Amino acid sequence: RSALLPLTALVLFLSCTGAPDGGEDYVIARVGDATLTRREAGRLQIEAKQGALGFPTVESVVESWVYDQLAYQEAKRQGIDKEEEMAWALTRQATILLRAELVKREVLDRLPPVTEAQAVEYYERHRESFRAKEPMVWVWVIEREDEPSAQRVLERLKPDGSNFRAEAQLWSLGVAQPKGGDRGYLGQSRLKPELWAVCQAIPLERVSGVLPFKLGTANRYAIVFVKDRIEPGEYMKPEGVGFDMLKERAAADLYREALKSYMDGLRERTTVYVDSNAIAQLDAEAARIKAEIKEPVPILE
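Notes on the structure follow. (Residues numbered from 1 in each chain as written. Predicted model: local features only at pLDDT ≥ 70, side-chain atom pairs only at ≥ 80, totals over all residues. Heavy atoms only, no water.)

Concerning the overall build of the chain
Item 1. Secondary structure assignment for the chain yields 10 helices and 6 strands.
Item 2. When the accessible area of the chain is evaluated, it comes to approximately 20500 Å², of which 55% is carbon and sulfur surface. (Helix = DSSP H or I, 4+ residues; strand = E, 2+ residues; numbered from the N terminus. Areas by Shrake-Rupley, 256 points an atom, 1.4 Å probe, with all protein chains shown as cover.)

A few points about the packing of helix α1 (residues 38-49) against helix α2 (residues 58-77)
Item 1. In the contact formed by α1 and α2, the axes pass within 9 Å of each other and the chain directions differ by 100°. By the criterion of interaxial angle, the relationship of α1 to α2 is roughly perpendicular. Within the contact between the two elements, α1 uses A41, L44, Q45 and A48 and α2 uses V58, V61 and W65.
Item 2. Its residues assigned to classes, the contact of α1 with α2 comprises 6 nonpolar, 1 polar and no charged. (Axes fitted to C-alpha atoms, helices over the stretch in contact; angles between N-to-C directions. Parallel < 35°, antiparallel > 145°, perpendicular 65-115°, else oblique. Contact = heavy atoms within 4.5 Å. Nonpolar A, V, L, I, M, F, W, Y, C, P; charged D, E, K, R; others polar.)

Remarks on helix α9 (residues 243-268)
Item 1. Spanning 26 residues, α9 covers 37 Å between terminal C-alpha atoms, matching the ideal 38 Å at 1.5 Å per step.
Item 2. On the buried face of α9, the contacting elements are α3 (84-106), α4 (116-125) and α8 (238-241). (Expected span 1.5 Å × (residues − 1).)

Observations regarding α4
Item 1. Here α4 has its buried residues at A119, Y122 and Y123. Looking straight down α4, one finds its buried side chains confined to an arc of 100°; they lie on one side.
Item 2. Against the buried residues of α4 lie α8 and α9. (Buried < 20%, exposed > 50% of the residue type's maximum accessible area, 1.4 Å probe, protein only. Arc of directions from axis to C-beta.)

Re the nonpolar core
Item 1. The biggest cluster of nonpolar side chains holds 26 residues, and the ones touching the most others in it are I142, F164, I223 and L246.
Item 2. Of all the secondary-structure elements, those providing two or more residues to this core are α4, β3 (136-144), α5 (147-156), α6 (164-171), β6 (218-230) and α9.
Item 3. Apart from residues lying up to four places away in sequence, I223 is in contact with W140, V141, I142, A150, V153, L154, L157, F164, V207, S208, G209 and V210.
Item 4. Within the second largest apolar cluster, 14 residues are counted, among which are V139, L191, L211 and A222. (Core = buried A, V, L, I, M, F, W, Y, C linked by side-chain atoms within 4.5 Å.)

Observations concerning the packing of aromatic side chains
Item 1. Counted by the stated rule, this structure contains 5 aromatic pairs.
Item 2. Plain terms: the ring middles of Y123 and F130 are 5.1 Å apart, the flat faces sit at 25° to each other, and that makes the pair stacked.
Item 3. A relative accessible area of 2% means that F130 is categorised as buried.
Item 4. Residues W140 and F225 carry aromatic rings whose centres are separated by 5.1 Å and whose planes lie at 35° to one another, so their mutual orientation is tilted. With W140 in strand β3 and F225 in strand β6, the pair connects residues that are 85 residues apart, well separated along the chain.
Item 5. You can call F225 buried: its relative accessible area is 2%.
Item 6. These aromatic residues form a ring-pair network of at least three members: W140, F164 and F225.
Item 7. The ring of W140 has R165 lying over it, and the distance from NZ or CZ to the ring centre is 5.0 Å.
Item 8. Lying over the aromatic face of W138, K227 brings its terminal NZ or CZ to 5.7 Å of the ring centre. (Phe/Tyr/Trp six-rings, centres within 6.5 Å; stacked < 30°, edge-to-face > 60°. Lys NZ or Arg CZ within 6 Å of the ring centre and 35° of its normal.)

Comments concerning the pattern of salt bridges
Item 1. Inspection of every chain in the model, using the stated rule, returns 16 salt bridges.
Item 2. Taking the shortest distance from any N to any O, the salt bridge between R77 and E74 comes out at 2.5 Å. Remark: E74 and R77 occur in helix α2; sequence separation between them is 3 residues, near one turn of the helix.
Item 3. What makes E74 partly exposed here is its relative accessible area of 30%. (Salt bridge = Lys/Arg side-chain N within 4 Å of Asp/Glu carboxyl O.)

Geometric values such as these leave the question of function open.
In structure tokens:
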């Protein structure tokens, strides 16, 4: 390998944003006419960190850069970048990267945060999609690994569940712990049979006792609080659907509308030609071929 600086002794001081400390930049490696500066090595170090368990050394990222440059320069010497398929792939990747960055800057970054009121508006516009197709419960759950600790949590809970979410954030080991144990609306297939049976029987907005259930081969213990029960055809409440999810869907709608508006503006300023007849003929030909070509069936003798 080419002679490199004693890279193990070289330290890059990186800020929390991923930029070097702003000190003097200088070349730390060279392959042919290509050079790698201190700042560029810092970027490579951060990039490599995203796919590694530990923070990569400067030596390792520079050695990888050297390999990349050796192969890249040899590929260009052989003209691989000019071959039809490779030239197409390179152009396509550049198109994808630049489109993504442009849309981020001009559309995504300009969208205001979705409010809770907008989330409710989204729910009302799409109300029919929130009809239950099966019996469902809106349930909050606190999960513990042992019965004694579950009992201690139960003793802290008020019977009406008014402090359930706060205690769940402190003590639950379940997936919904950050949301105060709120699992939203669940059907029978999404709950353990032991918990489903209790959720069907317990009065609404009353804390259950400690309920043993199996998680794989392990014993777990749950305390449940049912906010709502609905039958097929009834509407889920927006709070049970989850405002975070509703905001995400509302934001997706706003993004699609903003993207279309932005692209329509670009289209008005640019000559765009689409041969609709040729496209229709190609689609018709593809449909004809698909209808003619069946899945091969082995001949059994």
